[in-house]
Structure formats: C-alpha cells, structure tokens
Amino acid sequence: MAGHPLALDEAAQDLLFREARTANTFAPTHIGDEHIEAIYDLVKWGPTSMNQQPMRVVLVRSDESRRALLQHVLEGNRDKVASAPLVAVLAADLSFPDTLPRLFPHAPNARRAYADEDARRESAVFNTALQLGYLIIGIRAGGLAAGPIAGFDPEGVHKEFFPGEPVLVTSIVNIGHPGPDAFSARLPRLGYREVVRSV
C-alpha cells in the first residue's frame, strides 16, 4: 500500500517474522549443501562492526558426528537435535582480526584494535551473535525452519568439532522443514512503548 513504512510485502513479513517460530520437530527431508550455501551467500551481507566475519559453522550430517554432538547436549534438547535433518554448530573465531586486512582494507591497521584479548573476545562474540540472527532469518527466507538452542556443553562441543582452534562455541541450530506439531503457540512480545523512547 502507498506510503506504508515497510518496503517488504506482507507475505515476506509473515515468512520471516510473524508466522516464523522456533521449530521443535522436523520432517526427515534431506537438506543439501547447495541449499545452505545459497542461504549463506545471502546472509553474509548482513552488517557487522568493521565488516568482521567471525562466525564459523560446522554442519553435522553423519550419524557418527550426530552421536558425538548428542553427548554434549542437555537432555531436554537431545530429541530435537537427534531428529533434525541438519544441525549447525556455530562458533566465534577469536583469530578474526587476521582477516581484517582483506575484509576492511581501507583501515590497514584495524587488527591492532583487537590486540587486547578481552576486546577481541567481546567483539567476536557480539558479531557472531549478529551473524546468527542473520542466519536464522536466512534459513526462514530459504523456506526452512530453524531451531536455535543454547542447552549444551560448549567446551565439550569445542573439543569435538573445533579441536585446537581458537574459537568459542556459541550456539547450535537445528535446520529443516517443520514436522508435525513443530511450533508452540505464539508467545507475547513487549510493545513498542515498553521498549522504545525518544530523547
């Protein structure tokens, strides 16, 4: 409609936000690498600070890798992780400053800003969280459902899937087509005036 403040049409708004929810069950349909690559090639354009790209992803496909992952997942999440056709393990790469000369070339000394370990860790986790949000929206845009979970042992998952790598495991995302009774009832959200104020 003319003059509407949102450029996205209603169907896209519903797909990405209003009708999309965390999936608890999944259909057994295979999710191919080309599907995930297309999603990544879309969401990689989401903005981050200084164009940092610290998110690292391991796609857990084999039965052996799934069993290894399940050992580190809390009991309440195991059935979800076991039944999803694809599971992504996300981590924040603490060596991300090494890529800044290529990703942020107009500031050749950018990596010096992250010589401090705490600053590097904080920035890696923050920007990986941004990229996780973009990934979830991209999964929805790709016609799939996402089920992000945080109930797992990060250190155990690190040793299993990123051995010796300077990363912090941040999340696990179940990915697939929703199965029967995949979605719980929509929970409420805070209203605009509860969240936003002008000064």
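Residues numbered from 1 in each chain as written. Predicted model: local features only at pLDDT ≥ 70, side-chain atom pairs only at ≥ 80, totals over all residues. Heavy atoms only, no water.

A. Geometry of the overall build of the protein chain. Secondary structure assignment for the protein chain yields 8 helices and 4 strands. If you list the helices and strands of the protein chain from N to C, you get α-α-β-α-α-β-α-α-β-α-β-α. Principal-axis analysis of the C-alpha atoms gives the protein chain an extent of 55 × 50 × 35 Å. Considering the protein chain as a whole, with its 199 residues, one finds that 39% of them fall into the buried category. In the protein chain, the proportion of contacts linking residues at least 24 apart, taken out of those at least 6 apart, comes to 81%. Charge-centre separation for the protein chain: the mean point of 20 positive side chains lies 4 Å from the mean point of 24 negative side chains. (Helix = DSSP H or I, 4+ residues; strand = E, 2+ residues; numbered from the N terminus. Buried < 20%, exposed > 50% of the residue type's maximum accessible area, 1.4 Å probe, protein only. Contact = heavy atoms within 4.5 Å. Lys, Arg positive; Asp, Glu negative; His and termini not counted. Charge placed at Lys NZ, Arg CZ, Asp CG, Glu CD.)

B. Seen up close, the sheet that holds strand 4 (residues 167–176). Spatial strand order, 1-2-4-3: 4 strands in an open sheet with antiparallel pairing. Each edge of the open sheet carries a strand with a single partner, namely strand 1 (55–60) and strand 3 (145–149). Along the sheet, successive strands turn relative to each other by an average axial angle of 25°, direction set aside. (Pairing = 2+ DSSP bridges. Axes fitted to C-alpha atoms, helices over the stretch in contact; angles between N-to-C directions.)

C. Seen up close, the nonpolar core. If you look at the biggest cluster of nonpolar residues, it comprises 20 residues, and the most contacted ones within it are Leu69, Val89 and Ile172. Residue assignment for this core shows that the elements contributing at least two residues are helix 3 (63–70), strand 2 (86–93), strand 3, helix 7 (154–161) and strand 4. Residues Ile36, Ala88, Ala146 and Ile175 belong to the second largest nonpolar core, which totals 16 residues. (Core = buried A, V, L, I, M, F, W, Y, C linked by side-chain atoms within 4.5 Å.)

D. Structural view of unusual backbone geometry. One non-glycine residue, asparagine 51, adopts positive backbone phi at about 55°. With respect to the helices and strands, asparagine 51 occurs in the loop between helix 2 (33–43) and strand 1. Accessibility expressed as a relative area gives 33% for asparagine 51, which makes it partly exposed. Even without being glycine, aspartate 181 reaches a positive phi, approximately 50°. Note that aspartate 181 resides in the loop between strand 4 and helix 8 (192–195).

E. Layout of helix 7. For helix 7, every residue scored as buried is listed here: Gly156, Val157 and Phe161. Within helix 7, the buried residues cover an arc of 110° as seen down the axis, which keeps them to one side. Projecting away from the buried face of helix 7 at angles above 90 degrees are the exposed residues Glu155 and Lys159. Buried positions along helix 7 lie against strand 1, helix 3, strand 2 and strand 4. Sitting at the amino-terminal end of helix 7 is aspartate 153, which places a side-chain oxygen 3.2 Å from the backbone nitrogen of glutamate 155. (Arc of directions from axis to C-beta. Polar contact = N/O pair within 3.5 Å; in protein donor to acceptor, adjacent residues only side chain to side chain.)

F. Representation of helix 1 (residues 10–18) within the structure. For helix 1, the set of buried residues is Ala12, Gln13 and Leu16. Axial view of helix 1: buried residues confined to an arc of 100°, hence all on one face. Those residues of helix 1 that are buried are in contact with helix 6 (117–141). Its side-chain oxygen at 3.1 Å from the backbone nitrogen of alanine 11, aspartate 9 defines the N-terminal cap of helix 1.

G. The arrangement of the environment of arginine 18 in detail. If you trace the backbone, arginine 18 turns up in helix 1. Residue classification places arginine 18 among the partly exposed positions, given a relative accessible area of 41%. Separated by 168 residues in sequence, arginine 18 and arginine 186 place their C-alpha atoms 9.1 Å apart. Polar side-chain contacts of arginine 18 include one of 3.3 Å to the side chain of glutamate 10.

H. Structural detail: the pairing of strand 3. For strand 3, the tally of buried residues reaches 4 of 5 residues, placing the bulk of the element in the interior. Note: strand 3 against strand 4, 5 bridges, orientation antiparallel. Within the sheet, the bridge partner assigned to isoleucine 149 lies in strand 4 and is isoleucine 172.

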